[in-house]
Amino acid sequence: MSAASQDVATRNGIFARALIYAVLILFAVYYLLPLYVMVVNSLKPLDEIRQGNMLALPQQWTIAPWLSAWSTAQIGVQPTGLKPYFLNSVMMVVPAVALSTILGALNGYVLTKWRFKGDNIVFGLMLLACFIPFQIVLIPSARILGMTGLAGTITGLVLIHAIYGLGFTTLFFRNYYEAFPTELVRAAQIDGASFFQIFRRILLPSSGPIIVVTVIWQFTNIWNDFLFGSSFSGFNSIPLTVALNNLVNSSTGVKEYNVHFAGAILAALPTLIVYIVSGRYFVRGLMAGAVKG
Amino acid sequence: MSFLKISNLYKNYGQVEILKDINIEIDKGGFLVLVGPSGCGKSTLLNTIAGLEPITSGDIAINGNSVAGLHPSKRDIAMVFQSYALYPNMTVAGNIAFGMEIRGVPKDEREKAIKQVADILQIGHLLDRKPSQLSGGQRQRVAMGRALVRNPQVFLFDEPLSNLDAKLRVDMRTEIKRLHQRMKTTIVYVTHDQIEAMTLATKIAVLKDGLLQQFGTPAEIYNSPANMFVADFMGSPAMNLLSARLEGGEGGLNVVLDRPSDKPLALPIKMANGALGAYSGKEIIFGVRPEALTDPDGADRNAKSLAEGECLIEVVEPAGSDTFAVTKLGGKEVVARLRADAAIHAGQKTRLAFNLDKAVFFDPKSQLRIA
Ligand SMILES: Nc1ncnc2c1ncn2[C@@H]1O[C@H](COP(=O)(O)OP(=O)(O)O)[C@@H](O)[C@H]1O
Ligand SMILES: [Mg+2]
């Protein structure tokens, strides 16, 4: 009797599990479908796409659209491909991420371990920066870039991105360092360590998880940014997102969908790679503040 | 001349006064214990000595020189924190040597100093480990090692034993005492544990709500508490503090204690001093420690003023080395300390001896000691 009911229970369990998996697979397919369409069509000659079946695998596999998107496609008026703009983006993202992360860490350090009168007000104002829609600051930013002579340069873009990332990076580091034992800082003070020595030797070595979180966050946001890129870039500093837009909108000749798909994947690739490589640490870092060791 | 001198020290956090008019001095090589209940300002006082917290007014001098306003690293002090505060990313050796490294001490000298301290504290085999790989007791030793290696003028300890289990705490207490006897360095030690205070200190400062209640040797604090708070806080089991009346009788004053279902108990004081006389006929608080309230056979033979009284025993608590008996006097439970083999059981009436040499009397209003 009891064996039979157990049997039923087990069968129910298997059924529920199968249902869960079926739903999960359905969602996964749903989310992966666009990527599949992009990849498949970026590997087809243009004729095949014109035949209309977007979901079919290529009859004739080719990487020509990828090569074209990378180095010969028409971007605006120049047949340069995305390569130079990819480099622009790298040269913009790396310093901007580094700068905003370092400054955010220093802010978090000061706001938690070197508290001063009104520190909470300063922090509140910095938090506000997380909620300001960027459109509001376009005109003042343009003025400041113009006055400093940085308009249209990569340096200008780095500066803008670093400053507007500061709200978030400060928030991340402040919350992380809030849980960091103040007695360690005091011990180091008695040991004679200076402000920066304490930061470098005591806090930074324990900041791995939050650095990963901040870098991923900043990298993704700055790499994917279109608004600042299209507003503040000059002829030699156009980032990849803007170039991709120009590629797709180039009005000369036929629309090369396969090249557009390849270009879009190229543009998304770095953020994808960053997530795949360090996604685990991202989740761990977000949790780290909550569960004190 | 006093080596560490704290004079008229005040400390505010914003509008709140945390420490009020603290005056403490201690000689070179002394062991000062700051004791008091949680939140009374002990750590704050220690942190002001360390220079980790600025003072609002007053002065702190070490060896005759004012250190108020000096950076912690310039005060020639070393501190052991309650949480040990070991740098998690450095090895034990790295932790001990960090201060020297910052000060630019050459590597071979550092190695020598590390080895010396490791030998004293027997942590030589732990030097390459990270703090996370150590037990609580080992972390404690490393934290002490980091302080010892500085060879400072004053050691500051903030509840260094409170995170250890009971057995280890007693062992480490002895070890700290031995270290102090050996190094002869001045120590300021914070604890909320009055037994630690009694066993370690050469001088005790009892704090409550940011006010210094009493400052003196352990014997002074224990035998002549300045007020009822100190009397109650120091000693375990705590001193019995009973409502009583002073009445004139033949040959001097009597302490009169109410008893339930019996006529009041009158104890004649033979050695009453003048201050007490002024309270004749008034209510007072009568303080007697459990060890001064014994079975007549176990009473101190050298006591000049002994009194006996019949008491109803309500509870008997054998504790191995002693037996504690609870009776009721002056409307409160009273603990007496009897010999371990005292033949006594609950519900029985027995004679108890009061050693009035050791008794203290308090004014019930001001709570200050009269005599
Ligand atoms: N940074 C601070 N700001 C405001 N009040 C504080 C601060 N640090 C401690 N206090 C207050 O000062 C009092 C004494 O604290 P502390 O010295 O840590 O007590 P303890 O005797 O337990 O070590 C407490 O009431 C505490 O709330
Ligand atoms: Mg404390």
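Residues numbered from 1 in each chain as written. Chains lettered and ligands numbered in written order. Predicted model: local features only at pLDDT ≥ 70, side-chain atom pairs only at ≥ 80, totals over all residues. Heavy atoms only, no water.

Defined as follows: UniProt positions are given in the numbering used here, feature names are shortened, and annotations may be inferred rather than shown by experiment.
Where an unreviewed UniProt entry is consulted, chain B appears under the name Multiple sugar transport system ATP-binding protein, with the organism given as Aminobacter aganoensis. Regarding chain B, the UniProt comment filed under Sequence similarities (unreviewed entry) reads as follows: "Belongs to the ABC transporter superfamily."

The name recorded for chain A in an unreviewed UniProt entry is Glucose/mannose transport system permease protein, from Aminobacter aganoensis. In its Subcellular location (unreviewed entry) section, UniProt records this for chain A: "Cell membrane". A UniProt comment under Sequence similarities (unreviewed entry) is attached to chain A, and it reads "Belongs to the binding-protein-dependent transport system permease family."

Structural notes on the overall build of chain B
Which entries qualify depends on this criterion: Going along the chain from the N terminus, every DSSP run of H or I of four or more residues is numbered as a helix, and every run of E of two or more is numbered as a strand. Residues are treated as being in contact if the distance between any of their heavy atoms lies within 4.5 Å. Surface accessibility in these figures is a Shrake-Rupley result with a 1.4 Å probe; residues are shielded only by whichever protein chains are displayed.
The number of helices and strands found in chain B is nine helices and 20 strands. Across its three principal directions, the C-alpha atoms of chain B cover 80 × 45 × 35 Å. Partitioning the contacts of chain B with sequence separation of at least 6, the portion at a separation of at least 24 is 67%. Working note: accessible area of chain B is about 16,600 Å², and carbon and sulfur atoms make up 48% of it.

Section: the side chain of N227(B)
Residue and element names in this part refer to chain B. Note the threshold: Relative accessibility under 20% of the residue-type maximum defines a buried residue, over 50% an exposed one, and the middle range a partly exposed one, all with a 1.4 Å probe and only protein chains included. Between N or O atoms, a polar contact is any pair within 3.5 Å; within protein, one atom must be a potential hydrogen donor and the other a potential acceptor, and residues adjacent in sequence are included only when both atoms are from side chains.
Locating N227 in the fold gives a position in the loop between α7 (218-223) and α8 (228-233). The buried category is assigned to N227, whose relative accessible area is 9%. One polar contact links N227 to Q213, side chain to side chain, over a distance of 2.9 Å.

What about the sheet that holds strand β14 (residues 283-288) of chain B?
Residue and element names in this part refer to chain B. Threshold: Two strands qualify as a pair provided that DSSP identifies no fewer than 2 bridges between them. Axis geometry follows a simple rule: fit a line to the C-alpha atoms, using only the stretch in contact for helices, then measure angles between N-to-C directions, giving values from 0 to 180 degrees.
Spatial ordering of the open sheet is given by β13-β12-β11-β14-β20, a layout of five strands whose pairing is antiparallel. Each edge of the open sheet carries a strand with a single partner, namely β13 (265-269) and β20 (360-362). The average undirected angle you get between the axes of adjacent strands in this sheet is 40°. Inspection of the sheet shows strand β12 (residues 252-257) paired to β13 by five bridges, in the antiparallel sense. Residue pairing for β13: N254 is matched across the bridge by P268.

Describing the domain arrangement of chain A
All names here are of chain A. Rules: Domain borders in the structure are assigned automatically or taken from a domain database. Once two parts are joined, some of their accessible surface, as seen by a 1.4 Å probe, is lost; buried area is that loss totalled over both. Any carboxyl oxygen of Asp or Glu within 4 Å of a side-chain nitrogen of Lys or Arg constitutes a salt bridge here. The classification used treats Ala, Val, Leu, Ile, Met, Phe, Trp, Tyr, Cys and Pro as nonpolar, Asp, Glu, Lys and Arg as charged, and all other residues, Gly among them, as polar.
Parsing chain A into structural domains produces domain 1 (3-62) and domain 2 (83-290). The gap between the C-alpha centroids of domain 1 and domain 2 is 35 Å. Tallying the contact residues gives 11 residues for domain 1 and nine residues for domain 2. Where domain 1 abuts domain 2, roughly 730 Å² becomes buried across the two surfaces, and 81% of that area is made up of carbon and sulfur atoms. At the junction of domain 1 and domain 2, the tally comes to zero salt bridges. For the pair domain 1 and domain 2, the number of links is one residue pair in polar contact (both at pLDDT 80 or more). Counting only elements with at least two residues in the side of domain 1 that touches domain 2, the list comes to α1 (2-42) and α2 (46-50). For the side of domain 1 that touches domain 2, the leading source of residues is α1, giving five residues. Taken together, the residues that form the side of domain 1 that touches domain 2 break down as seven nonpolar, two polar and two charged.

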